[in-house]
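Descriptive structure summary
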Amino acid sequence: MRWLRRTWAALPRLGPPGVVWANRSWLAMGVAVGIVLTILFTNGVQPLFRESTEWEKGKLLVLSGRDQSEGGQRKALIDQWNAEHPEQPAEIVELPPEADGQRSEMVARAKEKADNVDVFNLDVTWTAEFAQSGHLRPLSGVDTSGFLRRPLESCRYQDKLWALPFNTDAGLLFYRKDLVKEDPLELDDITTTSTRVLRAAQDARLTAGYAGQFADYEGLTVNALELIWAEKGDVVDESGEVVIDSERTRRALRWLADGLKGEKPVVLPGSRAQTETLTTQAFRDGEIAFMRNWPVAHRTLQGNQDESAGRPRIDFGVTQLPGPSVLGGQNLAISAKSTKPRAAQALIEFLTGPRSQQLLFERGGLAATRGIVYQDGRVATQHPYSGTLLDAIEDARLRPVTPYYSRFSDEFRAVIRYALDHDGELPANAEKSLTDALQGR
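Residues numbered from 1 in each chain as written. Predicted model: local features only at pLDDT ≥ 70, side-chain atom pairs only at ≥ 80, totals over all residues. Heavy atoms only, no water.

**Side note on the overall build of the protein**
Note the cut-off: Helix and strand definitions follow DSSP, with helices as H or I runs of at least four residues and strands as E runs of at least two, each counted in order from the N terminus. Throughout this description, buried means an accessible area under 20% of the type-specific maximum (1.4 Å probe, protein chains only), exposed means over 50%, and partly exposed covers the range between. Contacts are assigned to residue pairs with any non-hydrogen atoms lying within 4.5 Å of each other. Using a 1.4 Å probe, the Shrake-Rupley method yields the accessible areas, and only the shown protein chains count as cover for residues.
From N to C terminus, the protein includes 17 helices and 12 strands. With 441 residues in all, the protein has 52% of them scored as buried. If you take every contact in the protein between residues at least 6 apart in sequence, the share linking residues at least 24 apart comes to 71%. Summed over all atoms, the accessible surface of the protein reaches about 21,100 Å², with 50% contributed by carbon and sulfur.

**Here we look at the layout of surface pockets**
Filter applied, for reference: Buriedness of a pocket was judged along seven lines, with at least five required to meet protein on both sides within 12 Å; pockets are open sets of points on a 1 Å grid over the protein atoms alone, cavities are sets where a 1.4 Å probe fits but cannot get out, and lining residues have an atom within 4 Å of a point. Grid points are joined across faces, edges and corners, and a volume is the space filled by probe spheres set on the points. Any residue that is not Ala, Val, Leu, Ile, Met, Phe, Trp, Tyr, Cys, Pro, Asp, Glu, Lys or Arg is counted as polar, Gly included; the first ten are nonpolar and the last four charged. The domain boundaries here were taken from an automatic or database domain assignment.
A volume near 1,300 Å³ is recorded for the largest pocket. What lines the largest pocket is a set of 46 residues, and nearest its centre among them are Gln68, Pro97, Ala99, Glu276 and Trp294. Per element, the largest residue contribution to the lining of the largest pocket is five residues, and it comes from helix 16 (residues 405-421). A class-by-class count of the residues in the lining of the largest pocket yields 12 nonpolar, 20 polar and 14 charged. Counting contributing residues per domain, the lining of the largest pocket is built from domain 1 (60-169 + 327-395) and domain 2 (172-324 + 404-438), each supplying no fewer than three. Quantified by volume, the second largest pocket comes out at close to 670 Å³. In terms of lining, the second largest pocket is formed by 26 residues, of which the most central are Glu153, Leu398, Arg399, Pro400 and Val401.

**Here's the deal with the confidence of the model for the protein**
Detailed reading of predicted coordinates is not advised where the pLDDT is low. Keep this limit in mind: Known as pLDDT, the predictor's per-residue confidence is scaled from 0 to 100.
Chain-level statistics for the protein give a pLDDT mean of 88 and a share of 86% at 70 or above. Scored below 50 in pLDDT, residues 1-33 shows 15 contacts in the model against residues more than four places distant or in partner chains. A low-confidence stretch, residues 35-50 (pLDDT under 50), is modelled with six contacts involving residues beyond four sequence positions or located in other chains.

**Examining the packing of aromatic side chains**
We count it as follows: When the centres of two rings from Phe, Tyr and Trp lie within 6.5 Å, Trp using its six-membered ring, the rings pair. Their planes under 30 degrees apart give stacked, over 60 give edge-to-face, and anything left gives tilted.
Under the defined criterion, the tally for this structure stands at eight aromatic pairs. When the centroid spacing of 5.8 Å and the interplanar angle of 75 degrees are considered together, the rings of Tyr210 and Trp255 count as edge-to-face. Separated by 45 residues along the polypeptide, Tyr210 in strand 9 (residues 210-211) and Trp255 in helix 9 (residues 247-259) bring together distant segments of the chain. In this structure, Tyr210 and Trp255 share a single accessibility class: buried.

**Some thoughts on the side chain of Thr125**
Stated formally: Definition of a polar contact: a pair of N or O atoms within 3.5 Å, with one able to donate and the other able to accept a hydrogen when the atoms are protein atoms, and with sequence-neighbouring residues admitted only if both atoms are side-chain atoms.
Tracing the sequence through the fold places Thr125 in the loop between strand 3 (119-123) and helix 5 (127-132). A polar side-chain atom of Thr125 sits 3.4 Å from a polar atom in the side chain of Trp126. Leave out the neighbours within four places in its chain, and Thr125 touches Arg399 and Tyr405.

**Quick look at the sheet that holds strand 8 (residues 172-176)**
Under the convention used in this document: Think of it this way: DSSP has to see at least two bridges between two strands before they count as a pair. A fitted line through C-alpha atoms represents every axis, and for helices the fit uses only the stretch in contact; the resulting angles, taken between N-to-C directions, go from 0 to 180 degrees.
Strand order in the open sheet formed by four strands is 9-10-8-11, with mixed pairing between adjacent strands. In this open sheet, the two edge strands, each paired with only one partner strand, are strand 9 and strand 11 (316-319). Together, strand 8, strand 9 and strand 10 (290-293) form the strand contacts of helix 7 (residues 187-200), whose direction differs from that of strand 10 by roughly 140 degrees. Lying on the sheet, helix 10 (residues 276-284) is in contact with strand 8, strand 9, strand 10 and strand 11; it crosses strand 10 at an angle near 155 degrees.

**Some remarks on the nonpolar core**
The cut-off we apply is this: By convention a nonpolar core is built from buried Ala, Val, Leu, Ile, Met, Phe, Trp, Tyr and Cys residues, the set being connected through side-chain atoms within 4.5 Å.
The biggest cluster of nonpolar side chains holds 48 residues, and the ones touching the most others in it are Tyr210, Val235, Ile244, Trp255, Phe408 and Phe412. Those elements that place two or more of their residues in this core are strand 8, helix 7, helix 8 (218-230), helix 9, helix 16 and helix 17 (430-438). It is helix 8 that contributes the most residues to this core, eight residues altogether. Contacts of Phe408, omitting those with residues within four sequence positions, involve Val235, Val236, Pro400, Leu434, Ala437 and Leu438. Within the second largest apolar cluster, 45 residues are counted, among which are Ala90, Leu164, Phe166 and Ala333.

**Digging into empty space enclosed by the protein**
Overall, the coordinates contain three cavities of 30 Å³ or more when judged by the stated rule. Lining the largest cavity, in full, are Leu173, Leu187, Tyr210, Asn223, Glu226, Leu227, Ala230, Arg292, Leu321, Pro322, Gly323 and Pro324. Each residue belonging to the lining of the largest cavity can be placed in one class, and the counts come to eight nonpolar, two polar and two charged.

What follows is the structure in structure tokens.
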């Protein structure tokens, strides 16, 4: 370091010429050290003490569930990234459509010693589990302004940012305009309207008033939570305590259990075996007046709105649920084993940027995670329910945040199945079993 020797040589000597180095003043040495440190930390040597910001080269592998966007818009974004970044090409590897299968495969890949996954596209409920298990690398230096509050909240765990929200979701209430004249504000309003239209027998196809997803999978967890919240009950409070044993919770479960009974039931009995696709089909076939579903059902119904296969046209509307929706969606996170973390973070920021989010929503129908997208006129034209969806997302709630969410969801569904078979009553050990599951016991 020639400049350092010149700096040292230029320091004043306090003794006569020829005095050896050991006799130099300690004051002069202090001045020298100060000058050196100042130069190091204010000039070009500083990057030697920081991690390199240069992107690593090589393929980036993204492990994800099935792309449900219209026209494969996720793939279109990856193609755009690859065209702009040929030295860091990305590839999406899709897993089976079932959420439980996706999680199992991702966990298995994360545990492999020589795994080559760079980015996980996680369900919002898995962030805590993957972070706690050491499968993720926390993000740093990310501008999070512009993201909707709830989706971004699902990316944090223990005060660290582990992911960025790729797409979000919230449940909506679909209804037939020819049968329903006012938006229901409470579960009792659904009961009243359903009873009226069933008695009026305006449509011979109508067999029940309402349907959700009550088969034994994550849909049951989501639907049960939303019904409990609609009655202002709760299952796990903000402090993480299980509080399911309340009259408000029982009221919601009795509403569902009682609604499934009778010759003209308020709740479609077949919905105990229904997923989102089957519920959409029942609504399209005219069997029900109300349907709880994700926004993706709007695209399906809109595409089949005209008369086809002898079925009359279905004119439908969309509004918010009587209570808060469960927040859905997926988050993009960097694998802890990625050998290209800087390039992986750049890819994540690209896929969650404002322009990418607009394309995913406008062309693909996947709800955007950035607020500015909902202000775009083309989005509002393409998706007229977007304002209602934005309100639902902002009012939505996260499912219990725990590394053991999968275990909790399994146990919660067992509690709900018991309640549906016992007139809405809870099993005696409901709170203990849910507390144990929530804490991984």
